[in-house]
Amino acid sequence: MLQPFKLCNLVLSRSFSGYVSRIRYLMRLKEDDEACREALKSGNFLLYHKLSPLLRKTSSGTYKLASLKTSDLEQILENVGKDTHFVNESFLLGCTDKGEPQFSLEVGDLDRSALEKECRGMFVDLRKAFFMLPGPESPLAAKGQALLRWHQTNCYCSATGQPTVRNQSGSLRVCHSSGITYYPKMAPVVIVLVSDGSRCLLARQAMFPPGMYSALSGFCDMGESMEEALHREVAEEVGLEVENLQYSGSQHWPFPQSSFMLACHATVNPDKTKVNIDKAELEDARWFTYEEISEALQNPPRDPRRDLPAFWVPPSYAIANQLIQEWANQQQLSRKLHGLK
Ligand SMILES: NC(=O)C1=CN([C@@H]2O[C@H](COP(=O)(O)OP(=O)(O)OC[C@H]3O[C@@H](n4cnc5c(N)ncnc54)[C@H](O)[C@@H]3O)[C@@H](O)[C@H]2O)C=CC1
Ligand SMILES: [Mg+2]
């Protein structure tokens with residue numbers, strides 16, 4: 001049985017009037033080109049160089065997304081020899097709690113080191129940035145990259161081959177020849193943490209960084225429900241039949257071309273846990289104990305390219321991490337109830 005969605009809590013916990021007025025403002029900016037052009041004059045801009053976001057080091061040695069005001073961005077563009085009208089090529093991302101509009105801008109055609117010097121920051125690969133940014137900034141960095149990539153790869157109409165034209169906010173592209181409107185897309189993906197009651201099943205693909213294991217995942221096929229996709233993926237990848245699906249949450253994930261992750265827990269019969277790995281998809285899949293999982297959650301790597309532990313799990317922003325954390329919490333609780341450490 002699926003658990004009830006958690007969306008109601010999410011909405012109720014927000015300040016209603018502030019939230020609604022921000023959403024209505026964004027709706028207007030999305031649809032009204034003139035209003036969006038006006039908003040660009042007092043915007044906050046995230047810069048990306050070939051899809052890598054610009055980060056800045058704080059005085060305490062941590063990192064944050066660099067957010068530039070319009071006037072600062074125009075000055076920087078002038079300093080690197082670019083027309084300030086380039087600002088209009090930004091895409092609308094959202095607005096801050098104070099109601100200030102936020103935009104993303106791809107600056108990959110400009111000199112990277114000159115920009116880094118002007119901006120007092122550095123462009124960092126997004127996967128690496130997820131390990132460096134404070135929690136609430138990762139979704140914004142991901143959305144900024146996803147929107148830029150979608151526009152870069154949807155410049156032509158798939159029916160006519162003619163160029164598509166964006167609106168000012170970047171919420172859509174139109175082919176004036178066929179009349180088709182294209183909207184940014186996400187591909188639905190199921191992700192599931194399978195448990196046998198005392199252990200959980202994690203897997204790794206050959207392309208993962210060394211030592212990283214994650215929950216099982218897979219793209220939904222056309223016509224499939226989330227539940228069908230989940231049963232099929234587990235059967236395909238590890239040859240097991242799951243039961244007791246429990247919905248956990250969802251997230252946008254910017255890779256490979258924007259996925260919409262639907263995350264669940266599931267169980268298998270503890271007498272039927274032998275995995276039969278599809279080697280075309282997975283390099284390895286194995287059962288992990290509570291002790292191994294706790295250790296991995298408590299010692300995340302700081303940089304996914306250096307000083308890697310023998311076994312580690314995706315960063316806290318990834319919904320796989322949320323599933324693993326929830327499983328560990330539930331194990332801890334049941335151990336307490338049974339008087340175990
Ligand atoms: N946020 C998170 O915590 C996690 C996110 N993910 C994301 O989920 C995605 C899917 O997981 P996988 O196990 O790799 O999927 P998967 O098990 O379906 O295998 C990927 C293969 O499926 C095929 N495929 C079918 N539909 C596709 C589509 N719309 N786009 C691309 N390939 C498609 C391709 O042949 C591809 O090589 C990954 O690309 C990854 O970015 C995966 C694990 C954790
Ligand atoms: Mg998979």
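Residues numbered from 1 in each chain as written. Chains lettered and ligands numbered in written order. Predicted model: local features only at pLDDT ≥ 70, side-chain atom pairs only at ≥ 80, totals over all residues. Heavy atoms only, no water.

The chain appears in an unreviewed UniProt entry as NAD(+) diphosphatase from Labeo rohita. For the record of the chain, the UniProt heading Cofactor (unreviewed entry) holds the text "Mg(2+)". (UniProt positions renumbered as here; feature names shortened; annotations may be inferred.)

Enquirer: Can you help me understand the domain arrangement of the chain in this one?
Expert: Much of the literature gives interface size as the accessible area that the parts lose upon coming together. With domains assigned, the chain is organised as domain 1 (19-154) and domain 2 (187-338). Look at where the C-alpha atoms of domain 1 and domain 2 centre, and you get two points 32 Å apart. Regarding the contact of domain 1 and domain 2, the summed buried area is about 1300 Å², with carbon and sulfur atoms giving 69% of it. The tally of links between domain 1 and domain 2 comes to zero salt bridges. Mapped by element, the contributors of at least two residues to the side of domain 1 that touches domain 2 are α6 (126-132) and α7 (137-152). (Domains from an automatic or database assignment. Buried area = accessible area lost by both parts, 1.4 Å probe. Salt bridge = Lys/Arg side-chain N within 4 Å of Asp/Glu carboxyl O. Helix = DSSP H or I, 4+ residues; strand = E, 2+ residues; numbered from the N terminus.)

Enquirer: Please clarify how the pattern of salt bridges should be interpreted in this entry.
Expert: Oppositely charged side chains may form a pair once their charged atoms are brought near each other. Taken as a whole and assessed by the stated rule, the structure comprises twelve salt bridges. Across the salt bridge formed by Arg112 and Glu116, the nearest N and O atoms sit 3.5 Å from each other. Of this pair, Arg112 and Glu116 both sit in helix α5 (residues 112-119), four residues apart, which is roughly one turn of the helix. Of the residues examined, Glu116 reaches a relative accessible area of 18% and is grouped as buried. Ionic pairing is found between Glu233 and Arg232, a salt bridge with its closest N-O pair at 3.1 Å. Judged by its relative accessible area of 9%, Glu233 is buried. (Buried < 20%, exposed > 50% of the residue type's maximum accessible area, 1.4 Å probe, protein only.)

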